[in-house]
Amino acid sequence: MFSSLFRKPAIETDTPAAIPAGQRVYAIGDIHGRADLFDELLSQIAEDAGARDPLPATLILLGDLIDRGPDSAGVITRAIALSEQGTRFHAIMGNHEELFLAALSGDEAALSLFERVGGIETMQSYGLDRDVFETMVGARLIEQLNAFIPPAHRDFLGKMEDRVAIGDYLFVHAGIRPGVPIEEQAPSELRWIRKPFLEHIGSHGMMIVHGHSINYEPEIRANRLGIDTGAYQTGRLTALGLEGTERWLLHTGISASG
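Quick summary incoming for the structure in this document. (Residues numbered from 1 in each chain as written. Predicted model: local features only at pLDDT ≥ 70, side-chain atom pairs only at ≥ 80, totals over all residues. Heavy atoms only, no water.)

A sheet is described by the order of its strands in space; here 5 strands give the open sequence S3-S2-S1-S9-S10, paired in mixed fashion. Taken across any chain shown, the strands that pair with only one partner, and hence form the sheet edges, are strand S3 (89-91) and strand S10 (246-251). For this sheet, the mean inter-axis angle between neighbouring strands, taken without regard to orientation, is 15°. Both strand S1 (residues 24-28) and strand S9 (residues 238-243) contribute to a ladder of 4 bridges, which runs antiparallel. The partner of isoleucine 28 across the bridge, within S9, is alanine 239. (Pairing = 2+ DSSP bridges. Helix = DSSP H or I, 4+ residues; strand = E, 2+ residues; numbered from the N terminus. Axes fitted to C-alpha atoms, helices over the stretch in contact; angles between N-to-C directions.)

Here we come to the pattern of salt bridges. Tallying each qualifying case throughout the model produces 12 salt bridges. Aspartate 48 is the partner of arginine 52 in a salt bridge, and the nearest nitrogen-oxygen pair spans 3.0 Å. On the basis of relative accessible area, arginine 52 is assigned to the buried category, the value being 16%. The structure contains a network of salt bridges with shared partners spanning Asp48, Arg52 and Glu246. (Salt bridge = Lys/Arg side-chain N within 4 Å of Asp/Glu carboxyl O. Buried < 20%, exposed > 50% of the residue type's maximum accessible area, 1.4 Å probe, protein only.)

Taken together, the 5 strands give an open sheet; going across it, the order is S4-S5-S6-S8-S7, and neighbouring strands pair in mixed fashion. Across the chains shown, the open sheet's two edge strands, defined by having one partner strand only, are strand S4 (164-166) and strand S7 (219-220).

What follows is about the packing of helix H2 (residues 72-83) against helix H7 (residues 151-158). Closest axis-to-axis distance for the H2/H7 pair is 10 Å, and the angle between their directions is 70°. Relative to H7, the element H2 is oriented roughly perpendicular. Every residue of H7 that contacts H2 at Ala73, Ile76, Thr77, Ala79, Ile80 and Ser83 is listed here: Ala152, His153, Phe156 and Leu157. (Parallel < 35°, antiparallel > 145°, perpendicular 65-115°, else oblique. Contact = heavy atoms within 4.5 Å.)

What follows deals with helix H3 (residues 95-104). When you tally the buried positions in H3, you get 8 out of 10 residues, the bulk of the element. All buried positions along H3 are accounted for by Asn95, His96, Glu97, Leu99, Phe100, Leu101, Ala103 and Leu104. Structurally, H3 contributes buried residues whose contacts are with helix H4 (108-125), helix H6 (138-148), H7 and helix H8 (187-192). Following H3 by one or two positions, glycine 106 adopts a phi angle in the positive range, close to 110°.

Given below as structure tokens:
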């Protein structure tokens, strides 16, 4: 049985990656519409920060805030509120946000995929009836989607970042293309890549922190840290804490979403 607050000690390497002195970072994995877990984990982060020396803390959301879980609208509302509290906040765009924005912009192929990967649950959280997806298609359905999304939410999603670099760490949604310089990485790779990145064992030049690929236990590798623990299925949302060369993990509980 796992506790709701679970830590691992710092991970030792020959040349450990580091956050610049005087800073602390918390990165949260894929939330997928679990506003309840997001709130719980934010409370844990506040408790954790309060138990440590006072330092400026940066919060990074690794993308896939929406879809699959029951309250994507609530997650976005909370994320917007966090973004308005100061500059030490970053929201990285995941493949689900990319699909959602493409669907809202009129891409019918993106709309079809959006429906299959949890987009119906997202639109239900905004008040759209599920049966609309059975009675409308194409442009009419896209028009309905746009009518239910608050402009502030769409603006927030459209301004999400591709990547964030702090010290020796690079934060992305899915990963990077091995061998390609960071500044030349295609946004689509940062949001969708799996196998070439996950199977690469060499250095990327930075320690990559990512979500996108689900594992019940966070993946701690020499070249990457994967923290998507399948919150929408497992009830286990994970945050990675970083300060200097220290790393630790925080988790919510493990009850299923139902």
